[in-house]
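# Architecture and fold: a report
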Amino acid sequence: MRTFLTPPTFEDTGRTQTARALYVILWILILSVTSLLTFQMFLLPGNAPRWLLIVGGIDGASLALLGLTRRGATRLASVLLLVMLWLIVTALAFTGSGVRSPAVITYLLIVLIAGLLLGQRVSLAAAAVCNLTGLGLVWAEATGAMPPSAVNQTPLIFWLATVLYTLLIIGLQYLTTSAIQETLRRAQQELAERKQAQEALRVSEERFRALIEHSHDIIGILSAEGRLEYASPSAWRLVGQQPQSRAVWDLREFLHPNDVARFAENLQSTMANPGAPLAWTEYRVRDEAGRWRLFE
């Protein structure tokens, strides 16, 4: 019994939420229909077979859908729930005063349940089917195709039906509110995680920048054409230039003329083989005093 009381949890979050919604709807349906129709059996014993048939059909089908949900077939269980409700409501309305039957109001709940479990498109389809069914009931009554009502629609029956609909609406409202709260909670969690990631990235960038700016090694970033896109402060101190004094710097301006061709060849080889180990190479670089310094 405990298995049927606790909704299952799946790796897919969406399926878990649908399973939870199915459990709430099915258990509210079982408890409310069983209790209210049992009460009607004592008030209207002449219709006891009808009430027993409804209770047995809804409870049995609902328990089967709970088992199907536990196996992970949440979409199939949702579709079968809608079909079950539509068949039962249509049968009750057809044999109980047509569109004047209290059961017809359940069509509205079917549309709400369809949207909650299967989305807007299915909800629109369910609305179309329910509206066409209501029109069919009107036609059946107008043409005399509808049988005489099997139930004396007393004010008490209408009141009991109102209580049943109220319980179902409360359950749907609870599911809607829970879904909104869960969405807000996830959004807040994602926002907090994003802020943490941004803060960690900022700290990492500051550490990297401090490491580069205080390093005595020359660190630079070259484009495929040999233009200097970034150079560490130590590199600018060597050549005696300010990085902001020009928009574009060509590294070949600082190389010895005899090293320019070898530099172009090595650059082309590096671009053609990304990730490959760099060959051991020495270049002569001119400093601010015009002297040539050897760098690896």
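Quick note: structure is the one above.
To start, this report covers the structure provided alongside it. (Residues numbered from 1 in each chain as written. Predicted model: local features only at pLDDT ≥ 70, side-chain atom pairs only at ≥ 80, totals over all residues. Heavy atoms only, no water.)

### Focus: the overall build of the protein chain
Note the cut-off: Labels follow the DSSP assignment, with helices taken as runs of H or I lasting at least four residues and strands as runs of E lasting at least two, numbered in each case from the N terminus. Think of it in three bands: with a 1.4 Å probe and only protein chains considered, a residue is buried below 20% of the maximum accessible area for its type, exposed above 50%, and partly exposed in between. Throughout, a residue-residue contact means that at least one pair of heavy atoms, one from each residue, lies within 4.5 Å. Surface exposure here means Shrake-Rupley accessible area, sampled with a 1.4 Å probe, where a residue is shielded only by the protein chains that are shown.
Secondary structure assignment for the protein chain yields 9 helices and 5 strands. Taken from N to C terminus, the helices and strands of the protein chain fall in the order α-α-α-α-α-α-α-β-β-α-β-α-β-β. Across the 296 residues in the protein chain, those meeting the buried criterion constitute 35%. When contacts within the protein chain are restricted to residue pairs at least 6 apart in sequence, those whose partners lie at least 24 apart make up 61%. Of the accessible surface of the protein chain, which amounts to about 18,500 Å², a share of 62% is contributed by carbon and sulfur atoms.

### Considering the packing of helix 2 (residues 13-43) against helix 5 (residues 106-118)
Where we set the bar: Fitting a line to C-alpha atoms yields each axis, with helices limited to the stretch in contact; the angle taken between N-to-C directions then spans 0 to 180 degrees. Each angle gets one of four labels, with under 35 degrees taken as roughly parallel, over 145 as roughly antiparallel, 65 to 115 as roughly perpendicular, and the rest as oblique. The residue classification treats Ala, Val, Leu, Ile, Met, Phe, Trp, Tyr, Cys and Pro as nonpolar and Asp, Glu, Lys and Arg as charged. All others, Gly included, are polar.
At a minimum axis separation of 9 Å, helix 2 and helix 5 run at an interaxial angle of 155 degrees. By the angle class used here, helix 2 and helix 5 are roughly antiparallel. Contacts from Thr-18, Ala-21, Leu-22 and Ile-25 of helix 2 reach helix 5 at Ile-113, Leu-116 and Leu-117. In terms of residue class, the contact of helix 2 with helix 5 is made up of 6 nonpolar, 1 polar and no charged.

### Observations regarding helix 4 (residues 74-94)
This is how it is decided: By this rule, a helix spans an expected 1.5 Å times one less than how many residues it contains.
Here helix 4 is 21 residues long and its end C-alpha atoms lie 30 Å apart, about the 30 Å a rise of 1.5 Å per residue gives. Elements in contact with the buried residues of helix 4: helix 2, helix 3 (48-70), helix 5 and helix 6 (120-143).

### Description of the pattern of salt bridges
The following threshold applies: Salt bridges, as used here, are contacts in which a Lys or Arg side-chain nitrogen is within 4 Å of a carboxyl oxygen on Asp or Glu.
Under the counting rule described, the total for this entry stands at 2 salt bridges. Between Glu-141 and Arg-100 there is a salt bridge, with its nearest N and O atoms 2.0 Å apart. Taken as a pair, Glu-141 in helix 6 and Arg-100 in the loop between helix 4 and helix 5 lie far apart in primary sequence, 41 residues in all. Between Arg-202 and Glu-199 there is a salt bridge, with the nearest N and O atoms lying 2.4 Å from each other. Taken together, the residues span about one helical turn, with Arg-202 and Glu-199 both in helix 7 (residues 155-213) at a distance of 3 residues. Judged by relative accessible area, which is 36%, Arg-202 ranks as partly exposed.

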